[in-house]
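Chains, contacts and geometry: an overview
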Amino acid sequence: VQLQASGGGLVQAGDSLRLTCTASGGSFSAYALAWFRQAPGKEREFVAALRQRGGATYYADSVKGRFTISRDNAKGTGYLQMNSLKPDDTATYYCTVSQSVILSSIRSARAYNIWGQGTLVTVSS
């Protein structure tokens, strides 16, 4: 499967954005989906994850209550709805999937083997 992320842009603090991750070439429902982000000069960090076929979701503490991860397996698409954006949310956001991620590793970038290109989100104060 191949992934393409889109939906980034320049917004003001308090605004919302929805990122989209479009999958092609595979059975999207067989993959756990996650979003990571990387700010300039910082390491890539976990944002949110969603198990195969929906179900349990997992969030970084920094985004819990503001961001929502979801998926539409029929469309082969994943989403990250981001509300109440803060300047600290400024980063390049990456979607990623894995068929074999285990629960204890779901927040680790090493658990995912297929990555899309990033989409830049810039939040101004």
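Provided above is the structure to which this section pertains.
This report concerns the structure included in the present document.

Each value, and the rule that gives it
- Residues numbered from 1 in each chain as written.
- Predicted model: local features only at pLDDT ≥ 70, side-chain atom pairs only at ≥ 80, totals over all residues.
- Heavy atoms only, no water.
- Phe/Tyr/Trp six-rings, centres within 6.5 Å; stacked < 30°, edge-to-face > 60°.
- Helix = DSSP H or I, 4+ residues; strand = E, 2+ residues; numbered from the N terminus.
- Buried < 20%, exposed > 50% of the residue type's maximum accessible area, 1.4 Å probe, protein only.
- Lys NZ or Arg CZ within 6 Å of the ring centre and 35° of its normal.
- Polar contact = N/O pair within 3.5 Å; in protein donor to acceptor, adjacent residues only side chain to side chain.
- Contact = heavy atoms within 4.5 Å.
- Disulfide = S-S within 2.5 Å.

Our focus in this paragraph is the packing of aromatic side chains. In total, this model carries 4 aromatic pairs according to the counting rule given. Plain terms: the ring middles of F36 and Y112 are 5.6 Å apart, the flat faces sit at 70° to each other, and that makes the pair edge-to-face. Of the two residues, F36 is situated in strand 4 (residues 32-38) and Y112 in the loop between strand 9 (91-98) and strand 10 (114-115); the sequence distance between them amounts to 76 residues. Take F36 and Y112: they sit in the same class, and that class is buried. Between the aromatic rings of F36 and W115, the centroid separation amounts to 5.3 Å while the plane-to-plane angle is 55°, which identifies the pairing as tilted. Pair noted here: F36 is in strand 4 and W115 is in strand 10, with a separation of 79 residues, a long-range link. Judged by its relative accessible area of 27%, W115 is partly exposed. Through a chain of ring-to-ring contacts, the aromatic side chains of F36, F46, Y94, Y112 and W115 assemble into a single cluster. Seen from the ring of F28, R71 lies directly overhead, with NZ or CZ sitting 4.5 Å from the centre.

Another point: the side chain of T77. Structurally, T77 is set in strand 8 (residues 77-82). Here the side chain of T77 touches K75 through a polar contact of 3.1 Å, landing on its backbone oxygen. Once residues within four sequence positions are removed from consideration, T77 is found in contact with T20, C21, F28, R71 and D72.

For the rest of this paragraph, the subject is the state of the cysteines. The final tally for this structure, using the stated rule, is 1 disulfide. Covalent S-S linkage joins C21 and C95, the inter-sulfur distance amounting to 2.2 Å. Around the S-S axis, the bridge from C21 to C95 shows a dihedral of about 70° and counts as right-handed. Taken together, the positions of C21 in strand 3 (residues 17-24) and C95 in strand 9 put the pair 74 residues apart, joining distant regions of the chain.

Geometry only, nothing functional implied.
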